[in-house]
Amino acid sequence: MRSTVKNRKQRSTYLPTNIKLVVKIALIALGFYVWGTGFIWVLLGLYLGWAVIKQLASCLVSLLVLIIILALLVSLIF
């Protein structure tokens, strides 16, 4: 049973794992060709600030949910 599951997992990957890297490089080259160096700076900013952006978005979503819950509670009570 274990060998069947193990063999099934190994057969499902036909493409090399580096195909994502090739696609990323191709998209970056295309973006550079279309928009120039500004595209590279935006990508670099997103790459370096991704953790901060993610935390900020999480905080804003949590705050929005809290406001909605409080507004619903206030409207149901009064």
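Note that the structure is a prediction, hence the values are computed from the model and not measured. (Residues numbered from 1 in each chain as written. Predicted model: local features only at pLDDT ≥ 70, side-chain atom pairs only at ≥ 80, totals over all residues. Heavy atoms only, no water.)

Visitor: Outline the overall build of the chain, listing residues and values.
Guide: Broken down by element type, the chain carries 3 helices and 0 strands. If you list the helices and strands of the chain from N to C, you get α-α-α. Relative to its 78 residues, the chain shows a buried fraction of 4%. Summed over its atoms, the accessible surface of the chain is roughly 7,700 Å², and 75% of this surface lies on carbon and sulfur atoms. (Helix = DSSP H or I, 4+ residues; strand = E, 2+ residues; numbered from the N terminus. Buried < 20%, exposed > 50% of the residue type's maximum accessible area, 1.4 Å probe, protein only. Areas by Shrake-Rupley, 256 points an atom, 1.4 Å probe, with all protein chains shown as cover.)

Visitor: Break down the UniProt feature "transmembrane region" (unreviewed entry) in the chain for me, citing the residues and quoting the values.
Guide: In the numbering used here, UniProt assigns the "transmembrane region" (unreviewed entry) feature to residues 21–49 and 55–77. Counted over residues 21–49, helix gives 97% and strand 0%. Its end C-alpha atoms are 21 Å apart. When the span residues 55–77 is considered, its composition is 100% helix and 0% strand, and the gap between its end C-alpha atoms is 33 Å. (UniProt positions renumbered as here; feature names shortened; annotations may be inferred.)

Visitor: With reference to specific residues and values, describe the packing of helix H2 (residues 19–35) against helix H3 (residues 37–77).
Guide: Where H2 contacts H3, the two axes come as close as 6 Å, and the packing angle between them is 135°. Taken together, the axes of H2 and H3 are oblique relative to one another. Residues Leu27, Ile28, Gly31, Phe32 and Trp35 of H2 pack against Thr37, Gly38, Phe39, Ile40 and Leu43 of H3. (Axes fitted to C-alpha atoms, helices over the stretch in contact; angles between N-to-C directions. Parallel < 35°, antiparallel > 145°, perpendicular 65-115°, else oblique. Contact = heavy atoms within 4.5 Å.)

Visitor: Tell me about the layout of surface pockets, and name the residues and values.
Guide: By volume, the largest pocket amounts to about 250 Å³. Those elements giving two or more residues to the lining of the largest pocket turn out to be H2 and H3. Ranked by residues supplied to the lining of the largest pocket, first place goes to H2 with 5 residues. Partitioning the lining of the largest pocket into residue classes produces 7 nonpolar, no polar and 1 charged. (1 Å grid on protein atoms, 1.4 Å probe; cavity = no way out; pocket = protein on both sides within 12 Å on 5 of 7 lines; lining within 4 Å. Points joined across faces, edges and corners; volume = space filled by probe spheres on them. Nonpolar A, V, L, I, M, F, W, Y, C, P; charged D, E, K, R; others polar.)

Visitor: Would you mind going over H3 in detail, with residue names and values included?
Guide: Between its first and last C-alpha atoms H3 spans 56 Å; for 41 residues at 1.5 Å apiece the expected length is 60 Å, and the two agree. The largest bend along H3 reaches roughly 65° and is located at glycine 49. (Expected span 1.5 Å × (residues − 1). Bend = angle between axes of the 7 residues up to and from the residue.)

Visitor: Just give me the short version of H2, but keep the residues and values in it.
Guide: With 17 residues, H2 extends 24 Å between its outermost C-alpha atoms, agreeing within 8% with the 24 Å of an ideal straight helix rising 1.5 Å per residue. Following H2 by one or two positions, glycine 36 adopts a phi angle in the positive range, close to 85°.

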